[in-house]
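Next come the chains, spelled out residue by residue.
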Amino acid sequence: MEAEPGRFMTTVVTRSLGAGLAALLIWGGTAPAMAQDGSLPGYRLVWNDEFNINGLPDPTRWTYDVERNREGWYNNELQYYSSGRAENARVEGGHLIIEARLETLDPATTPDWGGQAFTSARLVTRERAGWTYGFFEVRAKVPCGRGTWPAAWLLPVADVEWPSGGEIDILEHVGHDPGVVHGTVHTTRYNHTRGSERGGRKRVADACGAFHRYQVLWTPEAINFGVDDVGFYAFRNDGRGDPATWPFDQPFYAILNLAVGGDWGGAEGIDRRAFPETLEVDYIRVFQRTAP
């Protein structure tokens, strides 16, 4: 299971989604034949959010994860995650805006506030949607303020203790290392608490100033990571049937969040003058193979 640059198969849809699958690119392996109309036989769009309706995020697609606000969030992060608060999560101008703010909340109106100095949001599809395998694409623009830690990632639907169920990080970026994006896999054997996580990184010089497409192709054989149709890491199934190294044959749900500080995000401190900071998401799309 080693990092391997290369290319893998992706599918891309038009902004309207009306034309179906518009292009095929190869990130390794043998590609199926393209149809004359440019579509990709065997794959279909199964879930997406284009963020075209202004207001709060669509409650039929997203819920808010707020369960550790009182106790404090993992990795020594410093944010309070709000629920249904437009200041922290809203759709406007065709984009989802997740905004991290430096502010003090009123405990009388936010009884689960744990005294955090920052607010933000963590949106999840848990109890709304989950998938086993597929091609995942998130078009996003990340913040570069020192102390920011945006992410788009997947966790198992089953209620299992981390990291035994696995984790797939489609996109991570830390503000103290601007323009370097990461794709990572965590399992019981391979995870950051042991310093044994498996992943790759790619320099995207304008990641903080422009939108890019962050991608994962997840199959029973491998999890492949890419940006803008260029692959940069492949995590392969070792075929041993051991969930400690490959727990990825079960449904996962999606997460979009913007953390502040933490062991990694705050490793070089936090520039409080940079806030508010935003993670902007143009869309998230999930494709799966159709039945033979």
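Procedures and definitions
Residues numbered from 1 in each chain as written. Predicted model: local features only at pLDDT ≥ 70, side-chain atom pairs only at ≥ 80, totals over all residues. Heavy atoms only, no water. Disulfide = S-S within 2.5 Å. Helix = DSSP H or I, 4+ residues; strand = E, 2+ residues; numbered from the N terminus. Phe/Tyr/Trp six-rings, centres within 6.5 Å; stacked < 30°, edge-to-face > 60°. Buried < 20%, exposed > 50% of the residue type's maximum accessible area, 1.4 Å probe, protein only. 1 Å grid on protein atoms, 1.4 Å probe; cavity = no way out; pocket = protein on both sides within 12 Å on 5 of 7 lines; lining within 4 Å. Points joined across faces, edges and corners; volume = space filled by probe spheres on them. Nonpolar A, V, L, I, M, F, W, Y, C, P; charged D, E, K, R; others polar. Pairing = 2+ DSSP bridges.

A. Focus on the state of the cysteines. As enumerated under the stated definition, the model contains one disulfide in all. Disulfide pairing places cysteine 144 opposite cysteine 208 at an S-S distance of 1.7 Å. Its S-S torsion of about 60 degrees marks the bond between cysteine 144 and cysteine 208 as right-handed, since a negative value means left-handed. Residue cysteine 144 is located in the loop between strand S10 (134-141) and strand S11 (148-156), and its partner cysteine 208 is located in the loop between strand S14 (198-203) and strand S15 (212-218); the two are separated by 64 residues in the primary sequence.

B. Just the packing of aromatic side chains, in detail. For the structure on display, the rule yields 19 aromatic pairs. Ring centres of tryptophan 47 and tryptophan 62 lie 5.6 Å apart, and the angle between their planes is 80 degrees; this geometry places the pair in the edge-to-face category. Placement of the pair is tryptophan 47 in strand S3 (residues 43-49) and tryptophan 62 in the loop between S3 and strand S4 (63-64), with a sequence separation of 15 residues. The class for tryptophan 62 is buried, based on a relative accessible area of 3%. Aromatic side chains tryptophan 73 and tyrosine 74 sit 6.3 Å apart centroid to centroid with 75 degrees between the ring planes, which places their arrangement in the edge-to-face category. The buried category is assigned to tryptophan 73, whose relative accessible area is 5%.

C. View of the layout of surface pockets. Approximately 990 Å³ is the volume found for the largest pocket. Lining the largest pocket are 40 residues, and of these Asn75, Trp153, Leu155, Trp162 and Glu167 lie nearest its centre. Looking at which element gives the most residues to the lining of the largest pocket, the answer is S11, with five residues. Across the lining of the largest pocket, the residue classes break down as 15 nonpolar, eleven polar and 14 charged.

D. Broad picture of the pairing of strand S13 (residues 180-186). The buried count for S13 comes to seven of seven residues, which makes it a mostly enclosed element. Of the two faces of S13, the one holding Val180, His182, Thr184 and His186 and the one holding Val181, Gly183 and Val185 are both buried throughout. Looking at chain direction, strand S12 (residues 167-172) and S13 are connected through four bridges and run antiparallel. Its bridge partner lying in S13, aspartate 169 is registered against threonine 184. Bridge count for S13 against S14 is six bridges, and the pairing is antiparallel. Note that in S14 the partner of valine 180 across the bridge is arginine 203.

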